[in-house]
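What the coordinates show
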Amino acid sequence: MISNDSMIKVEHITKRFGKKVAVDDVSLNLNRGEIVCLIGPSGSGKSTVLRCIDHLEKPEEGQVYIEGQLLDQKDKNYSMLRRKMGFVFQHFNLFPNMTVMGNLTVAQIQVLHRDEAEAREIALKYLRIVDLEEKQDEFPNKLSGGQKQRVAIARSLCMNPEIMLFDEPTSALDPEMVIEVLEVMRNLAREGMTMMVVTHEMGFAKTVANRVIFLEDGKIIEENDARSFFENPQTDRAKLFLSKVMY
Amino acid sequence: MFSAFDQIFTVANMQYLLRGALISLGIAAVSLLIGLIFGIIGASCKISKHAFLRAIGNFYVEVIRGTPMLLQIMIIFNVIPIIVTSFTGQAFRMNYYVIGIVAMSINSGAYTTELIRSGINGVDKGQWEACETLGLTHWQTMRLVVLPQAFKRIVPPVVSEFITLIKDSSLISTIGAIELMNSAKVLGATYYEYMSPYCLAAVFYLAMTLTISMFAKKLEGKLAESD
């Protein structure tokens, strides 16, 4: 399933917010079909790494390559490359002024120039996948947190991304809604989607991820396949972290 | 105090005040609409990427909000004829109502600039980011996602701006426009008794402002429904 062609290659990126160095010389690689979890304590810079990959934050130093092509704002391929990535936010960021169907079709129509009938059909397909077909005419404020996040995932999938980036997708959810979102993500992983997930859900990382990257203070401290990382962490900091989060 | 109330409180005089009230309402409404256009332009300047446009937007808002409206009316009342005369070489007198509308539009534009700007800035940054990740352009994001959400936040304060304009339109009585305030003054001068016409004018102002604020409350409730 996992091949050797690199979907994302990050080389020596650094990002500062004022004096604080949020990401400090981080390099990593994500191959097709691979699922990588970024974990670490709050403020470790894992979300910022993910946001730099999608250029929601522009790294000050270093490069990001998508399928071998440099992500560069000045390049004419820039928006096309960015569209290969779907991004799921902690706070969903659904458009409250549109119905669920509107949320799922607006970018398809505006960006991919699909006609409305086609866009709706594709939207319905992904709504079925996240099991929310019956909510298509609701406005987001009528949905639960878990439902909102599943709609947000479907919205991203409608754009046919090759990579899905998840930024703490379950952190803003009530505990009983976490599972339904993780289940959708697990199914995506099974389908062979290339995924990078910033998460605090260690159970998910342990069972779904192929590889885990542990960050602290903006640096990669440890990187290993998921099983080895959880069963036999190499660094003291990873051991300490795991001892605090695994119950 | 109300010595001439009986003589003043006649159908003809009430019609006279009503005419003044309608002129006040009309001037306020037209000024609000033109002010909204200025506000859209001003807000576009203030949120622009270009420092020069932002500076112009800031200058407009700060100068207008930092000086009295009465002064602005006086300046426009005096300056426009001078400018026109310097071009045409002929004496020029402009309609009082037009001067009033020009001054109040410019004034209202500065306030609505801020209302629109804060309405747009009040939309969550995450909405922009979501659009960015979906590939929508800046303008598509503005038109389809941000402005519809900002609109809801802008409508209630724009209605209160309308109420403010109705009250402030009394200021153009100073340049001779016969709106509600001046109509009351004229009645006072006619009957040598001012308290009755002023109190009646107050009733007319209140009838307008209370009706509008009642309408505004209903509208606010409606707009809040989908939040």
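Structure: see above.
Below: a short report on this structure.

Concerning the overall build of chain B
Per the secondary structure count, chain B includes 9 helices and 0 strands. Helices and strands appear in chain B in the N-to-C order α-α-α-α-α-α-α-α-α. Evaluated residue by residue, chain B yields a buried proportion of 42% over its 227 residues. Long-range contacts, defined here as pairs at least 24 residues apart, represent 78% of the contacts in chain B between residues at least 6 apart. Accessible surface, chain B: about 12,000 Å² in total, of which carbon and sulfur atoms supply 70%. Seen as two clouds, the 16 positive and the 13 negative side-chain charges of chain B have centres 5 Å apart.

Points about the sheet that holds strand S4 (residues 61-66) of chain A
Strand pairing in a sheet relies on backbone hydrogen bonds, with the paired strands running either antiparallel or parallel. Residues and elements named next belong to chain A. Pairing is antiparallel in the open sheet, where 4 strands are placed in the order S2-S1-S4-S5. On the outer flanks of this sheet lie strand S2 (20-31) and strand S5 (69-70), each paired with one strand and no other. Pairing of strand S1 (residues 6-17) with S2, which is carried by 8 bridges, proceeds in the antiparallel orientation. Bridging across to S2, Lys9 finds its partner in Asn29.

Quick word on the sheet that holds strand S6 (residues 85-88) of chain A
Residue and element names in this part refer to chain A. Taken together, the 6 strands give an open sheet; going across it, the order is S6-S7-S8-S3-S9-S10, and neighbouring strands pair in mixed fashion. Taken across any chain shown, the strands that pair with only one partner, and hence form the sheet edges, are S6 and strand S10 (219-225). On average, adjacent strands in this sheet sit at an angle of 15 degrees to one another, irrespective of strand direction. Running at roughly 145 degrees to strand S7 (residues 163-167), helix H1 (residues 46-53) makes contact with strand S3 (35-39), S6, S7, strand S8 (194-198) and strand S9 (211-216) of the sheet.

Brief notes about the environment of Met214(B)
Structurally, Met214(B) can be placed in helix H9 (residues 195-224). Spatially, the C-alpha atom of Met214(B) lies 46 Å from that of Thr85(B), the residues being 129 residues apart in sequence.

Here's the deal with the packing of helix H5 (residues 96-121) of chain B against helix H7 (residues 138-168) of chain B
Residue and element names in this part refer to chain B. For the pair H5 and H7, interaxial distance at closest approach is 8 Å and the crossing angle is 140 degrees. Between H5 and H7, the angle falls in the class oblique. Classified by chirality, the crossing of H7 by H5 is right-handed. Contacts between H5 and H7 involve Met104, Ser108, Tyr111, Thr112, Leu115, Ile116, Gly119 and Ile120 from the first element and Met142, Val146, Leu147, Ala150, Arg153, Ile154, Pro157, Val158, Glu161 and Leu165 from the second. Tallied by class, the residues present in the contact of H5 with H7 amount to 13 nonpolar, 3 polar and 2 charged.

Let's talk about the interface of chain A and chain B
Tallying the contact residues gives 24 residues for chain A and 20 residues for chain B. Between chain A and chain B, roughly 1,700 Å² of surface is buried when both sides are summed, and carbon and sulfur atoms account for 56% of that area. Counting across the chain A and chain B interface gives 2 salt bridges. Between the two partners, chain A and chain B, sit 7 residue pairs in polar contact (both at pLDDT 80 or more). When contributions to the side of chain A that touches chain B are tallied by element, the ones reaching two or more residues are S6, helix H3 (100-110) and helix H5 (145-157) of chain A. Ranked by residue count, the leading element in the side of chain A that touches chain B is H3(A), at 3 residues. Here the residues of the side of chain A that touches chain B sort into 12 nonpolar, 6 polar and 6 charged.

Observations concerning the packing of aromatic side chains
Here the distance between the centres and the angle between the planes together describe a pair of aromatic rings. Residues and elements named next belong to chain A. As enumerated under the stated definition, the model contains 6 aromatic pairs over all chains in all. Centroid distance Phe87 to Phe89: 4.8 Å. Interplanar angle 45 degrees. Geometry classified as tilted. You can call Phe87 buried: its relative accessible area is 4%. A relative accessible area of 5% means that Phe89 is categorised as buried.

Remarks on the layout of surface pockets
Residues and elements named next belong to chain B. Reported here for the largest pocket is a volume of approximately 580 Å³. Listed by contribution, the elements that provide at least two residues to the lining of the largest pocket are helix H2 (11-46), H5 and H7. Top element by residues in the lining of the largest pocket is H7. It accounts for 8 residues. Per-class residue counts for the lining of the largest pocket are 15 nonpolar, 4 polar and 1 charged.

Examining the state of the cysteines
A complete count under the given rule lists 0 disulfides over all chains for this structure. Not engaged in a disulfide, the cysteine Cys37(A) finds its nearest cysteine sulfur in Cys52(A); these two sulfurs lie 19 Å apart.

Re the pairing of S8(A)
All names here are of chain A. When you tally the buried positions in S8, you get 5 out of 5 residues, the bulk of the element. Residues of S8 alternate between two faces, with Thr194, Met196 and Val198 on one and Met195 and Val197 on the opposite face, all of them buried. Sheet topology note: the S3/S8 ladder contains 4 bridges and is parallel. The partner of Cys37 across the bridge, within S8, is Val197. Tracing the backbone out of S7, into helix H6 (residues 175-190) and back to the parallel element S8 gives a crossover that is right-handed.

Definitions and cut-offs
- Residues numbered from 1 in each chain as written.
- Chains lettered and ligands numbered in written order.
- Predicted model: local features only at pLDDT ≥ 70, side-chain atom pairs only at ≥ 80, totals over all residues.
- Heavy atoms only, no water.
- Helix = DSSP H or I, 4+ residues; strand = E, 2+ residues; numbered from the N terminus.
- Buried < 20%, exposed > 50% of the residue type's maximum accessible area, 1.4 Å probe, protein only.
- Contact = heavy atoms within 4.5 Å.
- Areas by Shrake-Rupley, 256 points an atom, 1.4 Å probe, with all protein chains shown as cover.
- Lys, Arg positive; Asp, Glu negative; His and termini not counted.
- Charge placed at Lys NZ, Arg CZ, Asp CG, Glu CD.
- Pairing = 2+ DSSP bridges.
- Axes fitted to C-alpha atoms, helices over the stretch in contact; angles between N-to-C directions.
- Parallel < 35°, antiparallel > 145°, perpendicular 65-115°, else oblique.
- Left-handed = near helix turned anticlockwise from the far one by under 90°.
- Nonpolar A, V, L, I, M, F, W, Y, C, P; charged D, E, K, R; others polar.
- Buried area = accessible area lost by both parts, 1.4 Å probe.
- Salt bridge = Lys/Arg side-chain N within 4 Å of Asp/Glu carboxyl O.
- Polar contact = N/O pair within 3.5 Å; in protein donor to acceptor, adjacent residues only side chain to side chain.
- Phe/Tyr/Trp six-rings, centres within 6.5 Å; stacked < 30°, edge-to-face > 60°.
- 1 Å grid on protein atoms, 1.4 Å probe; cavity = no way out; pocket = protein on both sides within 12 Å on 5 of 7 lines; lining within 4 Å.
- Points joined across faces, edges and corners; volume = space filled by probe spheres on them.
- Disulfide = S-S within 2.5 Å.
- Right-handed = clockwise from strand over helix to strand, strands pointing away.

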